[in-house]
Structure formats: C-alpha cells, structure tokens
Amino acid sequence: MSTIAIIGSFADDARCANAIEELRAAKVGEFNTFSPIPSHRIEHAIGRKKSPVRWIVLAGGISGVLTGLAITIGTTYEWRLNAGGKPLLSWPPFIVICFELMVLLGGIFGFLGVLGLSGIPATEIAPGYNGRFGEDRFGIVVRCDEAEAARVESMMRESGAEEVVREGV
Amino acid sequence: MAAAPKINREPSFRDIDRSVLRVMEPAGRAYWAWVGFCFTLVGIAAALWMRQIYSGLGVTGLRQPVMWAIYITNFVFWVGIAHSGTLISAILFLFRTKWRTAVYRAAETMTIFAVATAGLFPLVHLGRVWFFYWLLPYPNERSLQPDFRSPLVWDAFAVSTYLTISALFWTMGLIPDIANARESATGWRKTFYTVLAMGWQGTDRQWRHYSMAYLLMAGLATPLVLSVHSVVSWDFAMAINPGWHSTIFAPYFVAGAIFSGVAMVMTLLIPMRKLLGIEDLLTEWHFDNLAKVVLLTSLVVSYAYITEAFMTWYAGDPIEQMTFHMRYFGPWGWMYWVMVLCNCVIPLLLFSPRIRVNLRALWVITIFVNIGMWFERFVIIAGSLTANFEPSQWASYRPSITEIMITVGSFAWFLGLFSLFCRFLPIFSMTELKEGIVWLRKALKMDRVTAA
C-alpha cells in the first residue's frame, strides 16, 4: 500500500483547527500544518506540549550570570586595583554586568534554540507547502495510506476545507 | 489637486500583503537621489573623522573642562531614540497592546539603526580609536583589566547587549515576513529573500517554538531597555560633578528616551505614510495612541525637570545651586528654555484630540520634541561641565565644524539606512498585522486623519 499526501486548504484557523481535531480523533496518518500566522486554535487542536525553547533560554540566562561572575571576579583578582579603599570585590557593579550577560546569552540561546528546534535553516520544502499558506490560507497535509485517502478527504471537506488535493509522496 | 487615495476599509490578509509588499517595489530616481544625498553627507562626516583620527581631538572644540560635549550628546540622544522601538516591540507586546502591530517593525528598525549610530559616538570621541577594545576584558600579558566599578565599562556591556538583542528580536520577527515576500518575488530579490527566510514555511512546529521564543525575548528585552538608559544615565550620575550627580537620573533618562524615541517614530512615519502610500495601514488610531505616549512621557520629563530644580534648592548645596543657576540664566540659559518650550510646553497641545489626529500638527510637534531632547542632553552634558567646583576652571565650549558635520552625518547615516531598509525589507510586520486584522479594520472604519 503506497503512502500519499492529502493537502487541505482552509480560509481560517477555526475550520483548520476543527479538521485537525477530527483527524486526531480518527487517528489517520501523520499530519503537518502550515499557517500565515501563529494560531492558538491550531496549537490547542494539535495538543503538543509547550515548546522546550524556554529551557534553552533559561540555560542561556544562567550561563550568562555565571559568565558575568567569572569575568568580574576573575579579572578583579587578575588586576587588583584598590579604588578608594573599597572592597576588592564590589558586588553592586558586578550585578550590572551579570544582568547584561544574562540577557545577552539568554537571547542568543533563545534565537539559536528556535532555529534548531524549528529545523531552520532548511534547504528542502516540506511536502504539500504552497505559497498561499504564507499569505492567507491555512493548510493541513496528511500523509496516509491510499486506502484511507477518501476518508481523510471527506473529513477535511466536512470541516470546511476550500480545496482538497492529493499528491504522491 | 490630486484625488484622495481610495482606502480599503475591510482589508483581507491578501490586501495587507499587497500593501506591505508594494512598499518594497523598485524605487524611483527621487528615492535614490535622497539615499545618495544621505550617504554623501556620511562620506563627508567619515572624511572629517579620518582627519580627526590623524590630527587628534584638537580639531574639535573639546577643551578643559568641557571634555564631553556634542559627541557624547549625540551618543545619549541616539541611544534614547532607540528606546521607543523596544518599548513598542517588547513592552507593549507583553501588555497585548493592539495598535502596536502597525508601527512595531518601523520602530524596531529605528532602534537597530539608532543604536548602530549611537555606538559610533564613543568611538568617534576616542582620541586613539584603535584602542577601543581596552574597555572590554581580554587576556593580556600585563594582566591589565578594566575596572568594573566604572560605569563606562557597564555602558560598553549594556549598549552592545542592547544592539545584539534588538537585532536578534528584529531578525526573528522578520523571518516569517521575508518568507512571505519570497513567494511573490522575482529575479535577484527571490534569491535574496530565499536565503534570508532560511527555509521558513510556517509549520505548526515552527510557530510553536517561534511564539514561545518571541515571548521570552520580549520578556528579556523589557528589563534590558530600562537598564540600558539607566546605565547611560549612570555615566553621569556616578560622577560627583555638579549637575550630574543625581539619584533621579535613571528614571529621568528612561522617560526622556521613550519620549524622544516615540516622537522620532512619528517624525518618520508621518511622511512615510504619504510617500509610501500606506494610508491603509496607518490610521488615526495609531497616531492618536503614539501621541498619547508622547504626551505622557512629556509630563514625566517635565516632572523630572521640576524635581531636579526642587532637589537642588532643598539640598542647599551652594555649588549645585550655582550650576543650576548657570543652567537657567547663564550664557547657555537660552538652550534650557528652548528645551522647556519643546519638551514641556509644546507637547501640551496633544491634550487636544483634534491635534492628535492632525498629521501636519503632529509632525511639527514631534520635530520640536526631537530638537528639545537633543538640547536637553547637551544642556546636561556640556552645560554642567562649563561651571565646575573651581571658578578658575570655568570655560565655555564652541563646537568645531568637524563636530557639527559628524553630527549631521549621524542623522544622514540613520536616515539613509532606514530609507534603504524600507525598500528592501518589510517595514511593516505582515504577520502581526494579520493577527490584529480585526482591530485594523475597526480603526480603518473610524479613520478621520486630517491634513495627510
């Protein structure tokens, strides 16, 4: 039995989310969605866990604070400058450096994390992708056995798909 | 008289894309003449900087005790201008402010170019610019390290972090829009956008990580933006110089930064709306809200001026009082009163709802604010240095042509980069406009902007 891709195109995210819920309930094939905007409806319908990018940002933030402490304490011990009899380790100014590095590394880690987790830079276009999905249409691509194709197509149409097409994978 | 453009008051996603992408179509001669003019001024400024590097800071008007003047004024001014971008893109994002979607990309772009301009001034101000890296810690055989008690070192960290984070936040927002532009582009632009879009396709997986990262980046950028201008203010407040040594400087500078930055956003957006034909994206609703932010921050800044005067009087320090007397009534007193007029009096016109939707009036008011805020920085920085503890050291300052032309060049550099961006990358966020399409439609239906 060969696998094929069925691509449904929707005018709005509500209908697209309905179709996703139907497809999930029927447990037919794997699916992927495309949308011009991030949609909470689609995200809830798909039901995936929260993005782990938040842990990557946290790791970046902690590394930033530690780097800040290492730089300030390390360089102060390397060049022991007595400024007006103040303690060698002046913590309040170090907080500024630690804060800036926390934000810097948190942001860099977050940016690289989102690229890595999202699979970009990507050189290949995902099956079923269409330029309209970046513009004004919401798309679902279901990869399923040919035997189930008719059922998937009718589920998409019933959920309000404007257009449903088949593509070989 | 040309007929008013017909505005689609019920735009679809596709209409938004068309309006934004139309701005990126190849430009005419007038545009290139403008860009050429800007970069010619930048070239002149660069040549004068070269001459300054070769000859030394003697070519400037900097003389003891006024060793910080126009260059540092420009640095603080441009860092301040940058702040509105992060306010609109990050802080108002966290508050879920609806009107920000149409103006955030332009404001964020302004942030990037304003910080890039600001970052040049500490370098321009250095006598031996090739040693700029001495501000940063690095391993060296003499074990010499910067003193982290110095606010100038904090500044190096704060401003470079600000530039990096703003650039990443801006790039992240741009990726889905560039991917959208890629679909309809042809020729070299297609290749250009395809490379920049990095294969973005808007899958649920991509949006899931993107949305979370965007939220967290906004969360990181919010305290960052407040910290950056606080750190800039501590460059002054940490010194014991009268006129600088004040605990109110951090909130005072942050409010001033947002005030000048939002005014600059309006100064740029009002002519852009007409020149780029984007009346269907920027409405009365957007300008009215931006004007309210300008009005609010103007009141905060006015309050800071009053508090500063009160604290000086109440503290009873004669040197501090003398400095402020010089500031108000000395040889440069006129600058202080220009600043009060531009920053405290003229913005009061924004209490009028009619003025808040009159674009000509708004444009003139925001230009006054920009002038006033530049003078504010100059009065604080150079003005406070002219009259020090020792009357025998008092001296005036006169900027040289090098400093004036480098200042003009910095405006040209900023405007030139901004103009280039407008034609090659999306200056409006298609993604966010579509997310807030309901609000945009409502705003378009109520729109009654005058004197466009």
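Quantities reported herein were computed from a predicted structural model and do not represent experimental measurements.

Tell me about the overall build of chain A, and please be specific about residues and values.
A count of helical and extended segments in chain A gives six helices and four strands. From first element to last, N terminus to C terminus, chain A shows the α and β order β-α-β-α-α-α-α-β-α-β. Against the compact-globule benchmark of 15 Å for 169 residues, chain A has a radius of gyration of 25 Å, which places it well outside the compact range. Referenced to the eigenvectors of the C-alpha coordinate spread, the extents of chain A come out at roughly 80 × 30 × 25 Å. Relative to its 169 residues, chain A shows a buried fraction of 42%.

Account for the environment of L433(B), with residues named and values stated.
All names here are of chain B. Positionally, L433 belongs in helix α16 (residues 430–435). Note on L433: 26 C-beta atoms within 10 Å, which makes it buried. Along the chain, L433 and F13 lie 420 residues apart, while their C-alpha atoms are 8.5 Å from each other. Setting aside its immediate chain neighbours within four residues, L433 contacts I16, T101, A102, L281, F428 and L440.

Can you explain the packing of helix α8 (residues 204–237) of chain B against helix α9 (residues 249–275) of chain B? Please cite residues and give values.
Residues and elements named next belong to chain B. The contact between α8 and α9 brings their axes to 8 Å, and the two run at 125°. As judged from the angle between their axes, α8 and α9 are oblique. Seen along the crossing, α8 lies across α9 with a hand that is right-handed. Across the interface between the two elements, L226, H229, S230, V232, S233, W234, F236 and A237 of α8 pack against F249, A250, F253, V254 and A257 of α9. Taken together, the residues that form the contact of α8 with α9 break down as 10 nonpolar, three polar and no charged.

So what about helix α14 (residues 359–386) of chain B? Which residues, and what values?
Residues and elements named next belong to chain B. Its 28 residues give α14 an end-to-end C-alpha distance of 39 Å, which sits within 8% of 40 Å, the value for a rise of 1.5 Å per residue. A bend of about 30° at V379 is the largest found in α14. For α14, the tally of buried residues reaches 21 of 28 residues, placing the bulk of the element in the interior.

Could you give an account of the nonpolar core, naming the residues involved and the relevant values?
A69(B), V79(B) and V265(B) are the most contacted members of the largest nonpolar core, which has 145 residues in total. Counting 21 residues, the second largest nonpolar core, distinct from the first, contains L23(A), I42(A), F138(A) and V142(A).

Kindly report on the sheet that holds strand β4 (residues 163–168) of chain A, identifying the contributing residues and their values.
Residues and elements named next belong to chain A. The strand order across the open sheet built from four strands is β2-β3-β1-β4, with neighbouring strands paired in antiparallel fashion. Edge positions in the sheet fall to β2 (30–34) and β4, since each has one partner strand and no second. Going across the sheet, the axis of each strand differs from the next one's by a mean of 20°, ignoring polarity. By the bridge criterion, five bridges tie β2 to strand β3 (residues 138–145) in an arrangement that is antiparallel. If you follow T33 over to β3, its bridge partner there is I140. Contacting β1 (3–10), β2 and β3, helix α1 (residues 13–26) crosses the sheet at an angle of about 20° to β3.

Can you lay out the interface of chain B and chain A for me, pointing to particular residues and giving the numbers?
Listed as interface residues are 47 residues of chain B and, on the opposing side, 54 residues of chain A. Elements supplying a minimum of two residues to the side of chain B that touches chain A: α1 (13–23), α6 (151–184), α8 and α16 of chain B. Ranked by the residues each element gives to the side of chain B that touches chain A, the list is headed by α8(B), at 16 residues. Of the residues in the side of chain B that touches chain A, the class split is 22 nonpolar, 15 polar and 10 charged.

Definitions and cut-offs
Residues numbered from 1 in each chain as written. Chains lettered and ligands numbered in written order. Predicted model: local features only at pLDDT ≥ 70, side-chain atom pairs only at ≥ 80, totals over all residues. Helix = DSSP H or I, 4+ residues; strand = E, 2+ residues; numbered from the N terminus. Rg over C-alpha atoms; globule rule 2.2 N^0.38 Å. Buried ≥ 20, exposed ≤ 12 C-beta atoms within 10 Å, placed from the backbone. Contact = placed C-beta atoms within 7 Å. Axes fitted to C-alpha atoms, helices over the stretch in contact; angles between N-to-C directions. Parallel < 35°, antiparallel > 145°, perpendicular 65-115°, else oblique. Left-handed = near helix turned anticlockwise from the far one by under 90°. Nonpolar A, V, L, I, M, F, W, Y, C, P; charged D, E, K, R; others polar. Expected span 1.5 Å × (residues − 1). Bend = angle between axes of the 7 residues up to and from the residue. Core = buried A, V, L, I, M, F, W, Y, C linked by C-beta atoms within 7 Å. Pairing = 2+ DSSP bridges.

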